[in-house]
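Below are the chains, spelled out letter by letter.
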Amino acid sequence: MAYDKFKILESTAVPLPIENIDTDQIIPARFLKATERIGFGDNLFRDWRYSSNNIPKKDFVLNNSTFKGKILVGGKNFGSGSSREHAAWAIYDYGFRCVVSSFFADIFRNNCLNIGVLPVQVSTEFLEKIFNNIYENPKTKLNIDLNQQIIRILGTDSSESFEINEYKKGNMLNGYDDIDYLMNIKDSIEKFAKKTPL
Amino acid sequence: MNQTLFDKVWDSHVVHKINNGPDVLFIDRHMVHEVTSPVAFLGLKKRNINVLFPEKTFATADHNTPTKNQHLPVKDPLSAKQLKALEENSKIHGISFWGLGHEKNGIVHVVGPEYGITLPGATIVCGDSHTSTHGAFGAIAFGIGTSEVEMVLSTQCIMQPKAKKMRITINGKLSKGVTPKDVALFIISELTTSGATGYFVEYAGNVFEEMSMEGRMTVCNLSIEMGARGGMIAPDHKTFEYIKNREFSPKGKDWTKAMNYWSTLKSDKDALFDKELLFDGDKIQPMITYGTNPGMGISISNGIPNAENQEGGIKTFRKSLQYMNYNEGESMLGKKIDFVFLGSCTNGRIEDFRAFTELVKGKKKAPNVTAWLVPGSHKVEQAIKSEGLLTILEEAGFELREPGCSACLAMNDDKIPAGKYAVSTSNRNFEGRQGPGSRTLLASPLVAAAAAITGTITDPRTFY
Ligand code: SF4
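Residues numbered from 1 in each chain as written. Chains lettered and ligands numbered in written order. Predicted model: local features only at pLDDT ≥ 70, side-chain atom pairs only at ≥ 80, totals over all residues. Heavy atoms only, no water.

**Brief notes about the overall build of chain B**
Broken down by element type, chain B carries 16 helices and 18 strands. The C-alpha atoms of chain B give a radius of gyration of 21 Å, which matches the 23 Å a tight globule of 464 residues would have. Across its three principal directions, the C-alpha atoms of chain B cover 55 × 55 × 45 Å. The proportion of buried residues among the 464 residues of chain B is 67%. Put simply, 75% of the contacts in chain B that link residues at least 6 apart link residues at least 24 apart. Looking at chain B as shown, the accessible area adds up to about 15900 Å², and 51% of this sits on carbon and sulfur atoms. With 52 positive and 50 negative side-chain charges, chain B shows a separation of 2 Å between the mean positions of the two kinds. (Helix = DSSP H or I, 4+ residues; strand = E, 2+ residues; numbered from the N terminus. Rg over C-alpha atoms; globule rule 2.2 N^0.38 Å. Buried < 20%, exposed > 50% of the residue type's maximum accessible area, 1.4 Å probe, protein only. Contact = heavy atoms within 4.5 Å. Areas by Shrake-Rupley, 256 points an atom, 1.4 Å probe, with all protein chains shown as cover. Lys, Arg positive; Asp, Glu negative; His and termini not counted. Charge placed at Lys NZ, Arg CZ, Asp CG, Glu CD.)

**Re the interface of chain A and chain B**
Each side of the interface is counted separately: chain A has 54 residues, and chain B has 70 residues. Surface buried jointly by chain A and chain B totals about 5200 Å² across both partners, of which 62% is contributed by carbon and sulfur atoms. Summed over the three residues of chain A that lose the most area to chain B, namely Lys33, Thr35 and Leu198 of chain A, the buried surface amounts to 15% of that side. Applying the counting rule to chain A against chain B returns 5 salt bridges. Its salt-bridge partner being Asp24 of chain A, residue Arg433 of chain B comes within 3.0 Å of it at the nearest N-O pair. (Buried area = accessible area lost by both parts, 1.4 Å probe. Salt bridge = Lys/Arg side-chain N within 4 Å of Asp/Glu carboxyl O.)

**Digging into the nonpolar core**
Counting residues in hydrophobic clusters, the biggest one holds 123 residues, and the most contacted among them are Phe45 and Val100 of chain A together with Phe356 of chain B. Residues within four places of Val100 of chain A in sequence aside, it is in contact with Ile71, Leu72, Val73, Gly74, Val120, Val122, Leu127, Ile130, Ile144 and Ile151 of chain A. By size, the runner-up hydrophobic cluster in this structure holds 85 residues, among which are Val51, Ile188, Cys220 and Ile233 of chain B. (Core = buried A, V, L, I, M, F, W, Y, C linked by side-chain atoms within 4.5 Å.)

**Comments concerning the sheet that holds strand E8 (residues 157-160) of chain B**
Pairing in this open sheet of 3 strands is antiparallel, and the strands run E1-E2-E8 (chain B) from one edge to the other. Of all strands in the sheet, those bounded by a partner on one side alone are strand E1 (14-17) and E8 of chain B. With strand direction ignored, the average angle separating the axes of adjacent strands in the sheet is 20°. Packing against the sheet, helix H8 (residues 186-195) of chain A makes contact with E1, strand E2 (23-26) and E8 of chain B, and its axis sits at approximately 150° to E1 of chain B. (Pairing = 2+ DSSP bridges. Axes fitted to C-alpha atoms, helices over the stretch in contact; angles between N-to-C directions.)

**What about the side chain of Asn111 of chain A?**
You can see Asn111 of chain A is positioned in helix H4 (residues 106-115). Apart from residues lying up to four places away in sequence, Asn111 of chain A is in contact with Ser83, Arg84, Glu85 and Ala88 of chain A together with Gly145 and Glu148 of chain B.

**So, the packing of aromatic side chains**
Across all of its chains, the model carries 26 aromatic pairs over all chains by this definition. Taken together, the ring pairs connect Phe58, Trp98, Tyr115 and Phe248 of chain B into an aromatic cluster. Of note, Arg97 of chain A hangs over the ring of Tyr92 of chain A, and the distance from its end group to the ring centre comes to 3.7 Å. The residue whose ring lies beneath Lys176 of chain B is Tyr464 of chain B, and the NZ or CZ to ring-centre distance is 4.3 Å. (Phe/Tyr/Trp six-rings, centres within 6.5 Å; stacked < 30°, edge-to-face > 60°. Lys NZ or Arg CZ within 6 Å of the ring centre and 35° of its normal.)

**Brief notes about the side chain of His130 of chain B**
Residue and element names in this part refer to chain B. The residue His130 is located in the loop between strand E6 (123-126) and strand E7 (140-143) in this model. At 2.6 Å, the side chain of His130 forms a polar contact with the side chain of Glu225. If we skip the residues at most four places from it in the chain, His130 touches His109, Asn221, Ile224, Glu225, Cys345, Asn427 and Arg428. (Polar contact = N/O pair within 3.5 Å; in protein donor to acceptor, adjacent residues only side chain to side chain.)

**Remarks on the sheet that holds E7 of chain B**
Residue and element names in this part refer to chain B. Ordered by their spatial adjacency, 5 strands build an open sheet running E5-E4-E3-E6-E7, and the pairing between neighbours is parallel. Taken across any chain shown, the strands that pair with only one partner, and hence form the sheet edges, are strand E5 (96-98) and E7. Ignoring strand direction, the axes of neighbouring strands in this sheet form an average angle of 20°. As paired strands, strand E4 (residues 57-60) and E5 are joined by 3 bridges and run parallel to one another.

Any link to function would need more than the numbers given here.
The following block contains the structure:
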């Protein structure tokens with residue numbers, strides 16, 4: 001589905017310095033029963049966020065009003081595990097538009113790009129810098145310029161460039177999705193199908 | 001020529017190349033299940049389009065289904081609604097649908113191969129990360145997200161950049177008691193859960209050549225747990241024998257034609273890989289995990305490593321041990337367990353049940369252990385009965401449940417209670433994966449069987 005265009009995002013950020021955050025933590029399987037894409041944000045990090053009797057856990061960052069913003073900053077190997085796009089939906093529906101980490105799992109990265117969440121991969125050092133700055137001053141803003149492919153820590157002179165596939169970048173800047181593209185070349189797909197043996 | 005097996009299959013499926021962008025890849029087989037498809041079908045409806053090639057699309061219900069009393073209506077209203085949605089969507093779009101109670105029903109990655117849907121040289125996708133299982137046949141198979149499910153339903157194509165190529169070669173002889181699951185857990189423990197991210201893996205060497213097709217499926221299944229997009233093994237006579245005469249496999253002239261193509265499916269002698277790894281099969285021991293990701297595995301008789309020696313962050317490592325309530329340096333052997341789960345698309349096939357049964361034969365299940373034995377499909381369930389395994393299992397104090405994903409992801413009622421330890425033959429030991437607060441120890445069917453008998457973590461080789 002089409003989503004909002006992404007150009008420049010400037011926001012405070014929420015730090016989650018844990019490595020190997022898997023999609024089962026982002027959205028546990030028992031919340032995958034919906035037949036429509038609604039309400040996933042409520043269950044983002046459900047078991048880290050709430051105790052078994054649904055009381056918010058004070059020590060979890062999403063329950064700490066000091067840290068807010070549209071950017072989630074996670075530890076290395078973010079989004080490993082299951083292919084559930086629900087994980088990306090939960091992040092989007094909660095209000096994040098960008099996840100920053102030093103490493104992303106493959107399928108999760110794709111899922112994000114497909115629904116309009118920008119995964120920004122930075123170096124280990126830069127990630128450390130972001131965490132340090134946020135902890136020092138939770139009001140620290142990050143500026144993410146998709147067109148320039150640069151992420152900046154505002155109030156410091158730290159910035160870093162990040163990679164994104166040209167095609168995907170175009171999609172995000174314009175709010176297009178892959179199906180729009182594929183429907184356009186349907187004739188060649190059908191022609192190709194005739195030649196395939198299976 | 002210097003093409004890899006992956007190159008050959010990938011390149012022959014590229015419909016269109018985008019400059020500085022992904023390839024448009026044609027998909028031969030699309031497997032669909034109830035959890036990751038409803039929003040995709042909804043997308044089709046919004047766009048007012050139909051499934052482009054319903055005959056290349058196969059639907060089965062598995063993630064959400066109960067493993068007891070499947071003949072009764074599904075109790076949980078949300079699960080029931082999701083199952084109903086799959087049935088209705090399949091009907092609307094003319095997709096073959098193997099729902100609850102259907103004789104062909106089972107876990108998507110178990111039934112695909114069983115009915116000859118999975119073929120060498122094919123491109124296969126499904127909205128489930130363990131789609132990598134089908135790579136055992138020399139197919140390119142990988143998991144996709146729901147937007148991509150919608151993409152494949154509507155255009156039979158997917159847009160992805162070609163992955164880098166890695167070859168993992170293991171030669172040598174596996175010792176008795178070491179199974180394909182141990183080989184896979186060993187590789188993941190060496191590579192970590194992100195060690196193969198960005199790569200498609202080919203498994204080579206005599207260890208894989210000598211493995212049965214089911215063993216190869218177990219290995220390819222777990223490719224995703226080291227971050228790989230997928231894994232594959234070149235097809236050989238075992239592959240062809242397995243496929244021959246299955247319901248959806250080619251017949252007659254088509255078979256001969258297919259065989260001609262399939263026999264070309266191997267990496268060229270001087271094929272170029274971006275990364276090559278070599279391990280010694282003789283050294284692999286029965287494995288078990290002690291932490292909260294599949295890379296946290298050790299030989300069963302080794303101690304839990306110390307945090308200082310971990311490549312990942314010490315804090316994350318300690319958090320994980322704290323969740324498991326284990327300590328650095330401790331031995332895993334002799335630790336008490338509460339549950340045993342035999343099943344899933346990793347180890348829910350007939351050979352897994354044979355191995356488990358052979359070990360428990362003539363013994364008794366430990367009274368402190370609750371065991372859930374869940375076949376991967378009705379076909380597996382039938383074989384368990386007709387081969388006489390069920391009788392042996394029942395004599396040892398076990399019961400058999402009905403097929404489905406079950407406690408692998410605990411979407412149905414099969415949830416391990418908080419704080420309890422489960423030795424599981426499935427694929428993920430993430431926090432809460434098998435139920436909120438559950439603690440999972442991943443292992444082979446043999447280690448699971450030994451634990452079920454003794455009630456503690458036990459080296460299965462002590463039973464020989
Ligand atoms: S058995 Fe587990 S891993 Fe396999 S398809 Fe089902 S939920 Fe996914």
